[in-house]
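# Close look at the chain arrangement
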Amino acid sequence: MLVLLILHLVAALAAPLLVRLWGPRACYPLALAPAAAFCWAVARTPAVADGGAVVETYPWIGQLGLDIAFRLTTLSWLMTLLIGGVGALVLVYSARYFSAGSTGLAQFAAVLVAFAGAMLVLVFADDLLLLYVGWELTTIFSYLLIGHSTERRSSRWAAAQALTVTTLGGLAMLVGFIMLGEHAGTYRWSEISAQPLPGGGYLVGAVLLILAGALSKSAVLPFSSWLPVAMAAPTPVSAYLHAAAMVKAGVYLVGLLAPVLATVGPWRPLVQVAGVATMLLGGWAALRQTDLKLLLAYGTVSQLGLLVAVTGSGTPDAALAGTAMLLAHALFKAALFLVVGIIDHGAGTRDLRELSGLRHWSRPLFVVAVLAAASMAGVPPLVGFVAKEAVFGAFTDHPVLLTGLVAGTVLTVAYSARFLWGAFADRPGVAPVPPGSIAASLLVPPAVLAGVGLLAGPAASVLDDLLRPYADLLGGVDAHLALWAGPTPALGLSVLALVGGGLLFAVRGPLAPVLARLRSPVGGNQGYEWVVGRFDRLAIEVTGATQRGSLPQYLGIILITLVLVPGAAMLSASPWRARLPLWDSLLQPVVVLVITVAAVLAVGARRRLTAMLLVGMTGYGTAMLFVLHGAPDLALTQFLVETSTIAVFVLVLRRLPERFSARPLRRTRWVRRVIGVAAGVVAAGLALTAVGARRAPDISAAFPDLAVAHGYGRNVVNVTLVDIRAWDTMGELAVLVVAATGVASLIFERSRTGPRPRRPGSDQQVGRGRPVWLRGGPTLYEERRSIVLEVVIRLIFHTVVLFSLFLLFSGHNAPGGGFAGGLVAGLALVVRYLAGGRYELTEAAPIGAGAILGAGLAVAVGSGVVALLVGGSVLESAKVDRTLPLIGDAHLVTSLFFDIGVYLVVIGLVLDILRSLGAEVDRHIEATGAATGGLAVDKGERA
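Definitions and cut-offs
Residues numbered from 1 in each chain as written. Predicted model: local features only at pLDDT ≥ 70, side-chain atom pairs only at ≥ 80, totals over all residues. Heavy atoms only, no water. Helix = DSSP H or I, 4+ residues; strand = E, 2+ residues; numbered from the N terminus. Buried < 20%, exposed > 50% of the residue type's maximum accessible area, 1.4 Å probe, protein only. Contact = heavy atoms within 4.5 Å. Areas by Shrake-Rupley, 256 points an atom, 1.4 Å probe, with all protein chains shown as cover. Lys, Arg positive; Asp, Glu negative; His and termini not counted. Charge placed at Lys NZ, Arg CZ, Asp CG, Glu CD. Phe/Tyr/Trp six-rings, centres within 6.5 Å; stacked < 30°, edge-to-face > 60°. Lys NZ or Arg CZ within 6 Å of the ring centre and 35° of its normal. Core = buried A, V, L, I, M, F, W, Y, C linked by side-chain atoms within 4.5 Å. Salt bridge = Lys/Arg side-chain N within 4 Å of Asp/Glu carboxyl O. Patch = residues over 30% accessible without salt bridge, like charges linked within 9 Å, V, L, I, M, F, W, Y side chains within 5 Å. Axes fitted to C-alpha atoms, helices over the stretch in contact; angles between N-to-C directions. Parallel < 35°, antiparallel > 145°, perpendicular 65-115°, else oblique. Left-handed = near helix turned anticlockwise from the far one by under 90°. Nonpolar A, V, L, I, M, F, W, Y, C, P; charged D, E, K, R; others polar. Polar contact = N/O pair within 3.5 Å; in protein donor to acceptor, adjacent residues only side chain to side chain. 1 Å grid on protein atoms, 1.4 Å probe; cavity = no way out; pocket = protein on both sides within 12 Å on 5 of 7 lines; lining within 4 Å. Points joined across faces, edges and corners; volume = space filled by probe spheres on them. Expected span 1.5 Å × (residues − 1). Arc of directions from axis to C-beta.

Here we come to the overall build of the protein. Check the secondary structure of the protein and you find 38 helices and four strands. By principal-axis analysis of the C-alpha atoms, the protein measures approximately 110 × 75 × 70 Å. Put simply, the protein has 943 residues, and 49% of those count as buried. Within the protein, contacts between residues separated by at least 24 positions form 77% of all contacts whose residues are at least 6 apart in sequence. About 43,400 Å² of surface is accessible on the protein, with carbon and sulfur atoms providing 68% of the total. For the protein, the separation between the mean place of its 66 positive charges and that of its 50 negative charges on side chains is 10 Å.

Here we come to the packing of aromatic side chains. Applying the stated criterion across every chain, the model contains 11 aromatic pairs. Judged by centre distance (6.1 Å) and plane angle (65 degrees), the ring pair of W421 and F505 falls under edge-to-face. One end of the pair, W421, is in helix α20 (residues 399-424); the other, F505, is in helix α23 (residues 489-506), with 84 residues separating them in the sequence. On the basis of relative accessible area, F505 is assigned to the buried category, the value being 17%. Members of the aromatic cluster, connected to one another through ring pairs, are W40, Y58, F70 and F124. Directly above the aromatic system of F797 lies the positively charged group of R832, at a separation of 4.5 Å from the ring centroid.

Within the largest apolar cluster, 200 residues are counted, with the highest numbers of intra-cluster contacts made by F124, Y240 and W267. Examining the composition of this core, we find that 21 residues originate from one element, helix α16 (residues 316-347), more than from any other. Not counting residues up to four positions away in its chain, the partners in contact with Y240 are I83, V86, G87, V90, L112, F115, A116, A245 and M246. Counting residues in hydrophobic clusters, the runner-up holds 40 residues, among them L807, V824, I852 and L875.

Attention now goes to the pattern of salt bridges. The tally for this structure, following the rule as stated, stands at 10 salt bridges. Between D351 and R353 there is a salt bridge, and its shortest N-O distance comes to 2.8 Å. Judged by relative accessible area, which is 14%, D351 ranks as buried. Because the salt bridges share partners, they merge into one network encompassing D291, D344 and R350.

Turning our eyes to something else, we now look at a positive patch on the surface. Positive charge collects at one region of the surface, where R606, R659, R669 and R673 lie side by side. Take R606: it is sitting in the loop between α27 (587-604) and α28 (608-628).

Packed helix pairs are specified by the crossing angle of their axes together with the interaxial distance, meaning the distance between the axes. Interaxial distance between helix α14 (residues 267-286) and α20 falls to 9 Å at its minimum, and their mutual angle equals 25 degrees. With respect to their mutual orientation, α14 and α20 come out roughly parallel. The hand of the α14/α20 crossing is left-handed. Contacts between α14 and α20 involve Q272, V276, M279, L280, G283, W284 and A286 from the former and L401, G404, L405, A407, G408, T409, L411, T412, Y415 and R418 from the latter. Taken together, the residues of the contact of α14 with α20 sort by class into 10 nonpolar, six polar and one charged.

Take a nonpolar patch on the surface next. A cluster of nonpolar side chains, W530, V531, F535, L538 and V542, forms an exposed patch at the surface whose accessible area comes to about 530 Å². Structurally, the position occupied by V542 is in helix α25 (residues 524-546). Residue class for V542 comes out partly exposed when judged on its relative accessible area of 44%.

If you trace the backbone, N715 turns up in the loop between α31 (703-709) and α32 (716-724). At 2.8 Å, the side chain of N715 and the backbone oxygen of G811 are in polar contact. Those residues within four positions of N715 in sequence are excluded, and the remaining contacts are D633, G811, H812, N813, A814, P815 and G816.

Our next topic: empty space enclosed by the protein. Per the counting criterion, the structure on display carries three cavities of 30 Å³ or more. Each pocket or cavity is described by its volume, and for the largest cavity that value is around 40 Å³. The element contributing the most residues to the lining of the largest cavity is helix α21 (residues 440-456), with four residues. A class-by-class count of the residues in the lining of the largest cavity yields nine nonpolar, two polar and no charged.

You can see G619 is positioned in helix α28. Residue classification places G619 among the buried positions, given a relative accessible area of 6%. Along the chain, G619 and V641 lie 22 residues apart, while their C-alpha atoms are 8.9 Å from each other. Not counting chain neighbours up to four residues away, the residues in contact with G619 comprise Q638 and E642.

End to end, α27 covers 26 Å across 18 residues, agreeing with the expected 26 Å (1.5 Å per residue, within 8%). Turning to α27, its buried residues are Q588, V591, I595, A598 and A602. Viewed along the axis of α27, the buried residues span an arc of 90 degrees, placing them on a single side of the element. Away from the buried face of α27 by more than 90 degrees, exposed residues L593, V600 and V603 are located. Each element contacted by the buried residues of α27 is listed here: α28.

This is the structure:
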């Protein structure tokens, strides 16, 4: 099964290239992927025919006990046949349906194959969470397929509506899956179904949430509106997604869960009432349609209601009838959609009021349409008749439900006749479509589907043997699938439905005014638009009330929420009752006092720079606490981060007023102080609560031994970053790169990868007559220069860079590492910029920040890939011991290369911030004339 999924993935990735080479004909080789799934399922028929299962399990997330668990049983085997068989035929059909210049053909082909693979994930999954993954993948791919014609607003709207409705249902279903899995103690459906489930309201809630997802996917009331709108998609999409695959996902889920959950309180009433109501309303709406595709769409809604009502009833006879109807519906509805696509291509319209004489245009097409429509109406000897009679027989003991099913079938017969009459009859006053020919690749797929529907009827006994193992899950099956079961009540009801449907179609003329009046005052699509409009309006009102551009207001709301929500939960834990030592040494309260005084003074500071420095003191005080607790690595990192932050603040404050704006009223000040104190108390309380709530052993207790045994280093902090939890560090590197890109994109008016600013003039012209300590220094105004600072920076810069390299290479066994080393190197660049300006920054780092960021990320990722290539795990460390001439014993740990990547990313981040908030802001100041001082060359130009 995993091989089939990989095959679909490879085919989807190769589809754009194949379409570029061969055009629409690329759909022929792409059809081999779903065809392989069909053939594989056929080969597994003996394994599931006697009630067995094909099982595959692959380890996935061991810590969560989550595996990639696949299981093929009778129901999933049937779905695999439909997904693979119909998918292959639809791709063959698409090869001729689309022209060589069709827009988006490469995306269509790739997404359709990927959708088939996602459906296979869904039906193969034995784990509920894996099933949800496949479920949501089908939602995403269907969104792309429905919105294929992106230039049309109707396609975009239809795709968005389908995505919204099915995603909301899917999220509700996910919550239901989690509740069910936790309730049962496992997420494996095969294990859940093998044990009795505890009842109660909790299980009822899980069932309701799961059914919300299933009904929304299968367009059952009240979620029916999205499917007719989705007919904006190309016809092959409608034939596959909305007849044979996607909308069947909900039916499949109902059928999968029914043997276990059908006895849970609301299950049967909900699926039966919603299903029959959908069948009746969908059938009635189909009779009013003049677009053949919309007629089939509403007919699909009606048939999906029937399928949900039958498969969800949870009785053995209904289960057998439901699987038969599942097969029959896929065959006749996919064939009819493909027929409509051919009619649309040949006649240029799908409006039945404009079609006439199509049966003379193509006799084979007419025969295919008759067979498929007759199966939909339940005419013998087609498989639709066998399935419909089995449905009636399964509900002979439920007269109310049976009455609704018969009435729905009468409507089905009527709109089936309306389809054939509207598409192929001779209509007076309408010019007939001239005879023509149809390409074999267009006609063969619907002909195959209709032919299988014709052959499957007489082969009902074979279907009975193949589908019975699923029905046996619910108990002993009394009924049988048969083309002729004798003069039974079900046969009489089938005749009644055919006669009633024929009469309903015959009186269509006098009935037209009734059809026009008997309709819902608010259509499903109108209801959806109304709900979406109300949500949009609510969002606007809430945004207008809360988003007023006041940063203090936003921060206050966040802090109040923190105090009320987590703070209220914290009170139940009573963290103040825990007896904790106040301090370990007398220096700790002294440092805390300094931090407190700095924080209080920062609140009252009127100058921005003063407030920033006071806030920095709280950070340095925190670093001192790390030192006093014996954490030199954390202290070093905290010192460096705080210093770097102060430097960044200094760059930003240049463009802000020197003082804060007018202080708020005294009453407002006290409100802010109360909020701040409350937030601080809650944060401290949450920390105490988290520490005291631990029940399991601390996993970090094993880190010192792991650092030496597996990371080959004695610095536990650094080994944790580059080995034990290297994946976390990899994610943080990606965040740093994104942050640097975000800062640059906000500041730069032009590409940051463009040429760096070069120093004006030559070395001889600039600074003539005196020694030049920094090359960028002479470009500054005299009042902005500091010769002492230039001399000091010239003397210590290279030493600081060497120190950063020392921290990098020694960090595996001593305080330091790539992050600390990168910060030190970045601070060296900061002081070069502060002493010599933006031109000096270019002299110090003539390479672009983006190149450094990319190189660092590439080195970090590459070190992990190399470990995988040599047979280890991703980012796994290895030690190399060698004796080198003149050096002696050398010990190299491969995680050093990962640390080098961290080092480069941090330097790139600092350089990007200096060039955006520093050099680029300097350029803005010079360009707008806002600076009181500037470059020496600018003075000459102004003079």
